[in-house]
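Inside the fold
So you can see what is in the structure, the chains are spelled out below.
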Amino acid sequence: MAKKQGGNSAVLRQLRTKIKSKGREGALLCVCLSTVAGIAVMFLLMCLFAVVLSSFPLPLSVFSPAGLLIGAMGSAASGFFCALLSREKGFFYGLFCGMILFLILMIVALLAWQQKVGTYSLVKFFTMLLCGAIGGSIGVNAA
């Protein structure tokens, strides 16, 4: 019995052929699209956290772990999407996506809130790298 081809698979197929045909530029396109997808996932998770925060009184000690979890999930989603598009090198693309997302978050934190770089930043960096690599490994095997 043949599988039904949906609209999403046709779009993915077109993106994959564009990425494969462009070589390094295609890999950069894949990483950029995946980084945008990771940022979108983090934005949606932050919106969900805001709804939970407005519904229930939460202590301030919840914010740091929630930020770490949101960053990790966004990084994993970014690595997964990148590996799903490229169908190769999922671990390394996931690492790269996690590193880019961390750098974006760190630049925003430094510029907007004058946050200092400390041990929490180091923990968040390695967590996002690890989750990006895991997401990439899962994504390349799911493709």
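Right, let's walk through the structure included here.

For the protein, the count of helices and strands is five helices and zero strands. Counted from the first residue to the last, the protein has its helices and strands arranged as α-α-α-α-α. The principal-axis extent of the C-alpha atoms belonging to the protein is close to 55 × 35 × 25 Å. A total of 143 residues make up the protein; the buried ones form 31% of that total. Counting every atom, the protein has about 9100 Å² of accessible surface; 73% of that belongs to carbon and sulfur.

Counting nine residues, the largest nonpolar core consists of Met 42, Leu 45, Phe 49, Ala 66, Ile 70, Leu 101, Phe 102, Met 106 and Met 128. When residues of this core are traced back to their parent elements, those giving at least two are α2 (24–55), α3 (63–86) and α4 (90–113). Membership of the second largest hydrophobic core comes to eight residues, among which are Ile 19, Ala 27, Val 31 and Leu 85.

This paragraph deals with the packing of α3 against α4. Two elements in contact, α3 and α4, have axes whose closest approach is 8 Å; the angle formed by their N-to-C orientations is 140°. Our classification of the angle between α3 and α4 gives oblique. Relative to α4, α3 is oriented so that their crossing is right-handed. In this structure, α3 contributes Gly 74, Ser 75, Ser 78, Gly 79, Cys 82, Ala 83 and Ser 86 to the contact, and α4 contributes Gly 90, Tyr 93, Gly 94, Cys 97, Gly 98 and Leu 101.

Here the focus is a nonpolar patch on the surface. A grouping of Leu 48, Val 52, Leu 53, Phe 56, Leu 58, Leu 60 and Phe 63 is seen on the molecular surface, where their side chains present a nonpolar patch of about 640 Å² in accessible area. Sorting elements by how many residues they give to the nonpolar patch places α2 first, with three residues. With respect to the secondary-structure elements, Leu 60 resides in the loop between α2 and α3. What makes Leu 60 exposed here is its relative accessible area of 71%.

Rules of the game
Residues numbered from 1 in each chain as written. Predicted model: local features only at pLDDT ≥ 70, side-chain atom pairs only at ≥ 80, totals over all residues. Heavy atoms only, no water. Helix = DSSP H or I, 4+ residues; strand = E, 2+ residues; numbered from the N terminus. Buried < 20%, exposed > 50% of the residue type's maximum accessible area, 1.4 Å probe, protein only. Areas by Shrake-Rupley, 256 points an atom, 1.4 Å probe, with all protein chains shown as cover. Core = buried A, V, L, I, M, F, W, Y, C linked by side-chain atoms within 4.5 Å. Axes fitted to C-alpha atoms, helices over the stretch in contact; angles between N-to-C directions. Parallel < 35°, antiparallel > 145°, perpendicular 65-115°, else oblique. Left-handed = near helix turned anticlockwise from the far one by under 90°. Contact = heavy atoms within 4.5 Å. Patch = residues over 30% accessible without salt bridge, like charges linked within 9 Å, V, L, I, M, F, W, Y side chains within 5 Å. Salt bridge = Lys/Arg side-chain N within 4 Å of Asp/Glu carboxyl O.

Note that all results are geometric; they support no functional claim without further evidence.
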